[in-house]
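Structural characterization, general
Given next are the chains, with one letter for each unit.
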Amino acid sequence: MTTVRGYYLITGIKGLVLHDIVGALDDARPELCHISSTDLHDAAAHIPGDGPIKFAFVEADPDEFRDSQLSELLQQQKTKVFLTGRRAEESLTPGPYAVLHRPFTAQDILAQLEPETCGCT
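My aim in this report is to walk through the structure given alongside it, one point at a time. Note that the structure is predicted; figures quoted are calculated from it, not measured.

1. Re the side chain of R29
Along the polypeptide, R29 turns up in the loop between α1 (15-28) and β2 (32-37). According to the relative accessible area criterion, R29 is buried, its value standing at 16%. Apart from residues no more than four positions distant in its own chain, R29 is found in contact with F55 and E114.

Okay, structure coming up:
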């Protein structure tokens, strides 16, 4: 059994995309536990107090996310945030957040998490 050393959060992402992200991270980072929420506004309530959120995948407009309580909490934890979805992809100013452009693969996700160690070319 793997010891949990932190979490990754998925917010507002559903269906096959959710499944792909969870599959990629569960395989590559088994020490992280998955947390999910249905939308940006209820996500903060799902954040546990017993470990850091290492990565967050959020489907949201960059401006809406930037002004959210969730953004503030993740900044305090120095979480690496990835925005997904049409609004993030079309934004000219995503701010300090990485944007995962569709379609993306498990290898694309892992390359964004730790580009120097993923073995991706």
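Further notes follow.
2. Let's talk about the pairing of β2
Relative to β2, strand β1 (residues 6-11) runs parallel, the two sharing six bridges. Across the sheet, the residue bridging to L9 is I35, located in β2. As for the winding sense of the linkage, the β-α-β connection from β1 through α1 to β2 is right-handed.

3. Observations concerning the sheet that holds strand β4 (residues 80-84)
Spatial strand order, β2-β1-β3-β4-β5: five strands in an open sheet with parallel pairing. The sheet is open, and its two edges are formed by β2 and β5 (98-99), each paired on a single side. Where strand β3 (residues 53-59) lies against β4, five bridges are found, and the strand directions are parallel. Its bridge partner being in β4, E59 is matched across the sheet by T84. Here helix α5 (residues 106-113) sits on the sheet and contacts β3, β4 and β5; the angle it forms with β4, its principal contact strand, is near 145°.

4. Brief notes about the packing of α1 against α5
Running from N to C, α1 and α5 cross one another at 60°; their axes reach a closest spacing of 9 Å. Judged on the interaxial angle alone, α5 and α1 are oblique. As α1 packs across α5, the resulting crossing turns out to be right-handed. Residue-level contacts link D20, I21, A24, L25 and A28 of α1 to A106, I109, L110 and L113 of α5.

5. A closer look at helix α3 (residues 69-76)
Among the residues making up α3, those that are buried are L70, S71 and L74. In a view along the axis of α3, the buried residues occupy a sector of 100°, so they form one face of it. Residues Q69, Q75 and Q76 are exposed on α3 and point more than 90 degrees away from its buried face. Trailing α3 by a residue or two, K78 shows a phi angle of about 60°, which is positive.

6. A short note on the pattern of salt bridges
Counted under the stated rule, the structure contains five salt bridges. In this structure, the salt-bridge partner of E31 is R29, at a minimum N-O distance of 2.6 Å. With respect to burial, E31 and R29 carry one shared label: buried. With a closest N to O distance of 2.5 Å, D63 and R66 form a salt bridge. Taken as a pair, D63 and R66 lie in helix α2 (residues 62-66) at a separation of three residues, close to a single helical turn.

Conventions and cut-offs
- Residues numbered from 1 in each chain as written.
- Predicted model: local features only at pLDDT ≥ 70, side-chain atom pairs only at ≥ 80, totals over all residues.
- Heavy atoms only, no water.
- Helix = DSSP H or I, 4+ residues; strand = E, 2+ residues; numbered from the N terminus.
- Buried < 20%, exposed > 50% of the residue type's maximum accessible area, 1.4 Å probe, protein only.
- Contact = heavy atoms within 4.5 Å.
- Pairing = 2+ DSSP bridges.
- Right-handed = clockwise from strand over helix to strand, strands pointing away.
- Axes fitted to C-alpha atoms, helices over the stretch in contact; angles between N-to-C directions.
- Parallel < 35°, antiparallel > 145°, perpendicular 65-115°, else oblique.
- Left-handed = near helix turned anticlockwise from the far one by under 90°.
- Arc of directions from axis to C-beta.
- Salt bridge = Lys/Arg side-chain N within 4 Å of Asp/Glu carboxyl O.

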